[in-house]
Amino acid sequence: MEISLILTVALAASFIVVVLVLVAVIVYQRWQIGDKNATLGRFIDENEKIRRKIERAGII
């Protein structure tokens with residue numbers, strides 16, 4: 001009986017650790033995606049400003 005209690009506690013602890021690791025991975029991935037989206041947004045804005053300057057200069 002004592003061995004089954006030890007196995008149950010060990011299994012529960014390992015399950016909790018796995019769930020916490022998965023949550024940490026999800027949070028990290030969302031943070032990375034958000035950071036990349038912000039960078040992409042700045043890139044698009046800068047390109048739009050350059051396009052307007054070119055159009056005002058009459059190059060295109």
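The preceding data block contains the structure.
Not measured: the values here are computed from a predicted model.

Broken down by element type, the protein carries one helix and zero strands. Along the longest, intermediate and shortest principal axes, the C-alpha atoms of the protein span 85 × 10 × 5 Å. In the protein, which comprises 60 residues, the share counted as buried stands at 0%. Accessible surface, the protein: about 5900 Å² in total, of which carbon and sulfur atoms supply 70%. On the protein, the mean spot of the 8 positive side-chain charges and the mean spot of the 6 negative ones are 9 Å from each other.

This part covers the pattern of salt bridges. Note on pairing: side chains with opposite charge can pair once their charged atoms come close. For the coordinates displayed, the defined rule picks out one salt bridge. In this structure, R52 and E48 form a salt bridge, with 3.9 Å as the shortest nitrogen-oxygen distance. Of this pair, R52 and E48 are both found in helix α1 (residues 2-57), four residues apart, which corresponds to roughly one turn of the helix.

This part takes up the packing of aromatic side chains. Enumeration over the complete set of coordinates arrives at one aromatic pair. Ring geometry for Y28 versus W31: centroids 5.8 Å apart, planes at 45°, classification tilted. Highlighted residues: Y28 and W31, both in helix α1, separated by three residues, approximately one helical turn. The exposure class of Y28 is partly exposed, given its relative accessible area of 43%.

On the surface, F15, I16, V19, L20, V23 and V27 cluster together into a nonpolar patch covering about 580 Å² of accessible area. Tracing the backbone shows L20 in helix α1.

Scoring rules and cut-offs
- Residues numbered from 1 in each chain as written.
- Predicted model: local features only at pLDDT ≥ 70, side-chain atom pairs only at ≥ 80, totals over all residues.
- Heavy atoms only, no water.
- Helix = DSSP H or I, 4+ residues; strand = E, 2+ residues; numbered from the N terminus.
- Buried < 20%, exposed > 50% of the residue type's maximum accessible area, 1.4 Å probe, protein only.
- Areas by Shrake-Rupley, 256 points an atom, 1.4 Å probe, with all protein chains shown as cover.
- Lys, Arg positive; Asp, Glu negative; His and termini not counted.
- Charge placed at Lys NZ, Arg CZ, Asp CG, Glu CD.
- Salt bridge = Lys/Arg side-chain N within 4 Å of Asp/Glu carboxyl O.
- Phe/Tyr/Trp six-rings, centres within 6.5 Å; stacked < 30°, edge-to-face > 60°.
- Patch = residues over 30% accessible without salt bridge, like charges linked within 9 Å, V, L, I, M, F, W, Y side chains within 5 Å.

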